Amino acid sequence: MSAPLIDALDHQLIEILSKDARISNRKIAADLGVTEGTVRGRIKRLQQEGMIAFTAITSFGLANSAKLAFIGVQTDVDQVKQIAAEIAELPMVNAVLITMGRFNILTFCLFSELDKLHAVASDQILAIKGVHHVETSIAVKTVKYNSRIVKITKDEKLIASDK
Amino acid sequence: MSDDFPVDEMDLAIVEQLRINGRATNQQIADKLELTAATVSARIRRMEKADKLRVVAVSDFAAHGFNVLMEVAIEVDGRAASEVVDELSEFPEVFAAHLVTGRYDIDLLIALHEFDDLHDLLLSKFSQVRGIRSMVPAIAVDVIKYKFDVAPIDARMKA
């Protein structure tokens, strides 16, 4: 599949909408000097191609002290996809990547209390058949994090095209 | 008005509508929930002001031409890890940089347009940063889950 073409206007739209998704098409059109129809059409196409997704990011339910941890997982190589899918079902796990390197699977986990993180890593993940080793590393300080660039997985694409 | 207030049922209902369609107008949300557009607008603004809510577009790595994603764990030697991470986070290829506990001192997430860019990143950029003892990469070959609608909201996320 060839990469979809994203032009300068698309990038300007993404830039504006990544700051605030609730700006009206009319305001965007006026700012960029294009018609409202163009704005509407571009946004629809970007959504359908899975290039952008609109989301309401909330912080409630997270204690102010919410921390990020990385859990690296070593598994039987022939079961990695299935194990990754199983880990992805865990609610505290925010991201699951299949990797080549010192782990087969890398997960990002948001937690507020240390014992909850331990339960995910050492009870739930380690108990999955085919998992041999987990290694947890806690982020004590985030120096840089661009939360507006993400991997839009199939589920979000489906939601976007349903609209 | 205090910035810290309990989120109530009405707030949650509005957030649910925003999750379905972040670009729904206040009037559309108001009609669905039998509220007035002014109430919807005020509730959204109150949550945003208290850093409880952001309604944004997120864009895919591919939209920015990033085709290679990797995590790199770094061991620091002979220099404060906080200094090394500050320098590393200046590079645009680094989209996340954390100081971490454990065997390594710094954890980076790196996005590249193509594998050839690794050459320049390693030999012209990272090699200029003093204090890096070793770097161990993990190359992402598949992304199974990437959830982004719950996150601590702080100054870095403000528009």
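Residues numbered from 1 in each chain as written. Chains lettered and ligands numbered in written order. Predicted model: local features only at pLDDT ≥ 70, side-chain atom pairs only at ≥ 80, totals over all residues. Heavy atoms only, no water.

Caption draft 1: Representation of the overall build of chain A in the model. A count of helical and extended segments in chain A gives six helices and six strands. For chain A, the N- to C-terminal ordering of α and β elements is α-α-α-β-β-α-β-β-α-β-β-α. In chain A, which comprises 163 residues, the proportion classed as buried is 47%. Counting only contacts in chain A whose residues sit at least 6 apart along the sequence, the fraction spanning at least 24 positions is 63%. (Helix = DSSP H or I, 4+ residues; strand = E, 2+ residues; numbered from the N terminus. Buried < 20%, exposed > 50% of the residue type's maximum accessible area, 1.4 Å probe, protein only. Contact = heavy atoms within 4.5 Å.)

Caption draft 2: Region of interest: the overall build of chain B. Each helix and strand counted, chain B has five helices and five strands in total. From first element to last, N terminus to C terminus, chain B shows the α and β order α-α-α-β-β-α-β-β-α-β. Taking all 159 residues of chain B together, the buried fraction comes to 46%. Pairs at least 24 apart in sequence give 66% of the contacts found in chain B among residues at least 6 apart. Counting only carbon and sulfur atoms, one obtains 51% of the accessible surface of chain B, whose full area is about 7,800 Å². (Areas by Shrake-Rupley, 256 points an atom, 1.4 Å probe, with all protein chains shown as cover.)

Caption draft 3: Quick look at the nonpolar core. Counting 30 residues, the largest nonpolar core has Phe-54 of chain A together with Leu-18 and Leu-53 of chain B as the members making the most contacts within it. At the level of secondary structure, the elements contributing two or more residues to this core comprise helix H1 (8-19), helix H2 (25-32), helix H3 (36-48) and strand E1 (52-58) of chain A together with helix H1 (9-20), helix H2 (26-33), helix H3 (37-49) and strand E1 (53-60) of chain B. Among the elements that take part in this core, H1 of chain A stands out by supplying four residues, more than any other. Leaving out residues up to four positions away in the same chain, Leu-18 of chain B has contacts with Arg-22 and Ala-56 of chain A together with Ile-29, Ile-44, Leu-53 and Val-55 of chain B. By size, the runner-up hydrophobic cluster in this structure holds 25 residues, among which are Ala-139 and Val-150 of chain A together with Val-100 and Ala-111 of chain B. (Core = buried A, V, L, I, M, F, W, Y, C linked by side-chain atoms within 4.5 Å.)

Caption draft 4: Spatial organisation of the sheet that holds strand E6 (residues 149-150) of chain A. Pairing in this open sheet of three strands is mixed, and the strands run E1(A)-E1(B)-E6(A) from one edge to the other. Of all the strands in the sheet, the pair left with one neighbour each is E1 and E6 of chain A. (Pairing = 2+ DSSP bridges.)

Caption draft 5: Representation of H3 of chain B within the structure. Residue and element names in this part refer to chain B. The end-to-end C-alpha distance of H3, which contains 13 residues, comes to 18 Å, matching closely the 18 Å that a straight helix rising 1.5 Å per residue would cover. Where H3 is concerned, the buried positions are Val-40, Ser-41, Arg-43, Ile-44 and Met-47. One face of H3 carries all of its buried residues, which in axial projection span an arc of 165°. Turned more than 90 degrees off the buried face of H3, the exposed positions are Ala-38, Arg-45 and Lys-49. (Expected span 1.5 Å × (residues − 1). Arc of directions from axis to C-beta.)

Caption draft 6: Layout of the side chain of Thr-107 of chain A. Residue and element names in this part refer to chain A. With respect to the element layout, Thr-107 can be found in strand E4 (residues 105-111). A relative accessible area of 0% means that Thr-107 is categorised as buried. Thr-107 has contacts with Ala-69, Phe-70, Ile-71, Ile-87, Val-93, Ala-95 and Val-96, leaving out every residue within four places of it along the chain.

Caption draft 7: Representation of the packing of aromatic side chains within the structure. If you walk through the whole model with that rule in mind, you get four aromatic pairs over all chains. A ring pair is formed by Phe-70 of chain A and Phe-108 of chain A, whose centres lie 5.3 Å apart and whose planes are at 85°; its orientation type is edge-to-face. Linking Phe-70 of chain A in strand E2 (residues 67-75) with Phe-108 of chain A in strand E4, this pair joins segments that are 38 residues apart in sequence. Judged on exposure class, the residue Phe-70 of chain A and its partner Phe-108 of chain A are both buried. Measuring from centroid to centroid gives 5.1 Å for Phe-61 of chain B and Phe-95 of chain B, while their planes differ by 65°, and the two rings are edge-to-face. On the criterion of sequence distance, the pair formed by Phe-61 of chain B in the loop between E1 and strand E2 (68-76) and Phe-95 of chain B in strand E3 (residues 94-100) is long-range, its members being 34 residues apart. What makes Phe-61 of chain B buried here is its relative accessible area of 4%. Through a chain of ring-to-ring contacts, three or more aromatic side chains come together here, namely Phe-61, Phe-95 and Tyr-146 of chain B. Cation over ring: Lys-52 of chain B sits above Phe-5 of chain B, and NZ or CZ is 5.3 Å from the ring centre. (Phe/Tyr/Trp six-rings, centres within 6.5 Å; stacked < 30°, edge-to-face > 60°. Lys NZ or Arg CZ within 6 Å of the ring centre and 35° of its normal.)

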